[in-house]
Amino acid sequence: MQIKPNKIDINESDPFANDLLNRQSEIKNLTPIILNVQAPLVLSLDSSWGTGKTTFVKMWRAYLQKEQKQSIYFNAWETDYAEDPLIVLVSELDKWVKANNNPTRINQWTDKVKEALPKIAKRAAIAGVKAATFGTLEIDKQMEGVAADLMGGLTSDLLDNFNKQSKAITEFKKILETVLDDLADDQKNLIIFIDELDRCRPTYAIELLERIKHLFDINRIVFVLSTDMTQLAHSIKGVYGHEFDAKKYLQRFIDLDYSLKKPDNKTYIESQLNSIHFANRTTTEAQEAQQSIIECCNLMAKRFNLKLRDINQLLMRISLISCSIPANNYFYAPLLISLLMLRDQNKELYERYAESPSVADEVIEFIDQGLSSEERQDRYFCLMSAHLIAPNRRERFDELIKPYKKAEESPDYDGNNKVSKLIDRISTTQGHKHTIERIEFLQQFAMDA
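Let me begin by describing the structure that accompanies this report. (Residues numbered from 1 in each chain as written. Predicted model: local features only at pLDDT ≥ 70, side-chain atom pairs only at ≥ 80, totals over all residues. Heavy atoms only, no water.)

1. A word on the nonpolar core
By size, the foremost hydrophobic cluster in this structure holds 53 residues, and its most contacted members are Ile 194, Phe 216 and Phe 223. The element contributing the most residues to this core is helix 3 (residues 85-99), with eight residues. Phe 223 has contacts with Leu 41, Val 42, Leu 43, Leu 89, Ile 192, Ile 194, Ile 212 and Phe 216, leaving out every residue within four places of it along the chain. Grouped together as the second largest cluster of nonpolar side chains are 39 residues, Ile 311, Leu 315, Ile 321 and Leu 336 included. (Core = buried A, V, L, I, M, F, W, Y, C linked by side-chain atoms within 4.5 Å. Buried < 20%, exposed > 50% of the residue type's maximum accessible area, 1.4 Å probe, protein only. Helix = DSSP H or I, 4+ residues; strand = E, 2+ residues; numbered from the N terminus. Contact = heavy atoms within 4.5 Å.)

Now the structure itself:
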């Protein structure tokens, strides 16, 4: 099985065509708020890693575009090598202003930015601006000279430089207010999406928040920050110390918090498996494997109250182990997933089972707590089959798989219930032993719990 990034295509003409997590209602409910709320405003779009924040934001922006509303998007993590996030923000605004094709406004904007930006941005940022903005923002020698003069004067006249910077900030805000007049009459606010803030260098994330607060606090600008607030708080503590109240600090910059609705576990698992492709297996085999993974992971999420981050880790482990299974070997998800969870949740019982499957009854009792009788059938089957050749277990096993056998004997049997075939494969290929070996090998990879 090959692992590929879980990238979901956004169709601009139909933004919700691939809305696997049913986000459409959230986006439509949030849109009138950010378009009409009294700005300036900073909204945090809070959700943990791997929950589809980037897809949500891109889908939201596509919806705005379809509704003929203007917005700006940039990925903070992709630009956190820049010396000053202000340069990146201004570069994105520069693209937006020029895209509106208003020659008079473009000239006004360019002249004012060339005058104000060197007095506000870091000197090193001005010097490296072409790298930071991919050459989209034109920085000439005159701007670099202004920045150099300002830096040189810091040691001789701090008060004068402070006054110059204060004036530059005022002028910068004025030109921002002017270019916002290019918004359509039916759009009150310009929306600026900043994605993956929690993945940035802590110092870059802090500086970006500072720039937003002090330079962009003007009417008609709404920022939407896509981030994991818990992770962002941890990053800030890494700069200011473990005892620092990072959450209270973040409240200085964020006006509203919105937590993305937690998706249904099964729907979420299906969305994550969309990007996983089985190599060297028939389409039927791949479909059966995926369906089995979905059902088993959903049961484990229910049994152990897994969070989305836990589900992500489980799917990653399944993916890694599956990569090592040759195409001619049988991939049996219920056994693999049951034992992965057993190792995480009850290592002592897992180790006894690894030594001898004779403790299968204990394992079944532990894993199946709280599950219905129908949900338990796969648990019984996969765990008992590991040692079905033992004479003292065969009677117990036969009793447990009666529902499967009965289905096979029915006149309406459609051939989909392959119990006998599965038993043969697992027992003859030592499925129990090989699964344990792969799980133990997996432990050598460093992964977040």
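2. Observations regarding the pattern of salt bridges
Opposite charge on two side chains makes pairing possible when the charged atoms of those side chains draw close. Scanning the model with the defined rule gives 14 salt bridges in all. The partner of Arg 211 in a salt bridge is Asp 84, and the shortest N-O contact between them spans 2.5 Å. Of this pair, Arg 211 sits in helix 9 (residues 202-215) while Asp 84 sits in the loop between strand 3 (71-75) and helix 3; the two residues are 127 residues apart in sequence, bridging distant segments of the chain. Of the charged contacts, one joins Arg 105 and Asp 182 as a salt bridge, the two residues approaching to 3.3 Å between their closest N and O atoms. Here Asp 182 lies in the loop between helix 8 (158-179) and strand 4 (190-195) and Arg 105 lies in helix 4 (residues 103-120), a separation of 77 residues in the sequence. Relative accessible area serves as the criterion here: at 17%, Arg 105 is assigned to the buried category. Owing to a relative accessible area of 18%, Asp 182 belongs among the buried residues under this scheme. (Salt bridge = Lys/Arg side-chain N within 4 Å of Asp/Glu carboxyl O.)

3. A look at the sheet that holds strand 5 (residues 221-227)
The strand order across the open sheet built from five strands is 3-4-5-2-6, with neighbouring strands paired in parallel fashion. Across the chains shown, the open sheet's two edge strands, defined by having one partner strand only, are strand 3 and strand 6 (256-259). In this sheet, neighbouring strand axes are inclined to one another by 20 degrees on average, regardless of whether the strands run parallel or antiparallel. When strand 2 (residues 41-46) meets strand 6, the two strands line up parallel, connected through four bridges. By the bridge assignment, Asp 46 is partnered in strand 6 with Ser 259. (Pairing = 2+ DSSP bridges. Axes fitted to C-alpha atoms, helices over the stretch in contact; angles between N-to-C directions.)

4. Description of unusual backbone geometry
Residue Pro 40 follows Ala 39 across a cis peptide bond; omega there is 10 degrees. Note that Pro 40 resides in the loop between helix 1 (24-36) and strand 2. Backbone geometry places Gln 68, a non-glycine residue, at a positive phi of 60 degrees. Its place among the elements puts Gln 68 in the loop between helix 2 (53-66) and strand 3. What makes Gln 68 exposed here is its relative accessible area of 67%. The backbone phi angle of Arg 220 is positive, close to 75 degrees, even though this residue is not glycine. With respect to the secondary-structure elements, Arg 220 resides in the loop between helix 9 and strand 5. Classification of Arg 220 by relative accessible area gives partly exposed; the value is 25%.

5. Some details on helix 9
Taking 1.5 Å as the rise per residue, helix 9 with 14 residues should run 20 Å; its terminal C-alpha atoms sit 20 Å apart, in good agreement. Every buried residue of helix 9 is listed here: Tyr 204, Ala 205, Ile 206, Leu 208, Leu 209, Arg 211, Ile 212 and Leu 215. (Expected span 1.5 Å × (residues − 1).)

6. Focus on the packing of helix 1 against helix 2
In helix packing, the relevant descriptors are the interaxial angle and the interaxial distance, both defined with respect to the helix axes. In the contact formed by helix 1 and helix 2, the axes pass within 11 Å of each other and the chain directions differ by 65 degrees. For the crossing formed where helix 1 meets helix 2, the hand is right-handed. Across from Glu 26, Ile 27, Lys 28, Leu 30, Thr 31, Ile 34 and Leu 35 in helix 1, the residues of helix 2 making contact are Phe 56, Met 59, Trp 60, Tyr 63 and Leu 64. Residues of the contact of helix 1 with helix 2, tallied by class, amount to nine nonpolar, one polar and two charged. (Left-handed = near helix turned anticlockwise from the far one by under 90°. Nonpolar A, V, L, I, M, F, W, Y, C, P; charged D, E, K, R; others polar.)

7. Digging into the packing of helix 15 (residues 333-345) against helix 17 (residues 360-367)
Running from N to C, helix 15 and helix 17 cross one another at 80 degrees; their axes reach a closest spacing of 11 Å. Here helix 15 lies roughly perpendicular to helix 17, going by the angle between them. Residue-level inspection shows Ser 338, Leu 342 and Gln 345 of helix 15 in contact with helix 17, the latter providing Val 363, Phe 366 and Ile 367. Considered class by class, the residues forming the contact of helix 15 with helix 17 number four nonpolar, two polar and no charged. (Parallel < 35°, antiparallel > 145°, perpendicular 65-115°, else oblique.)

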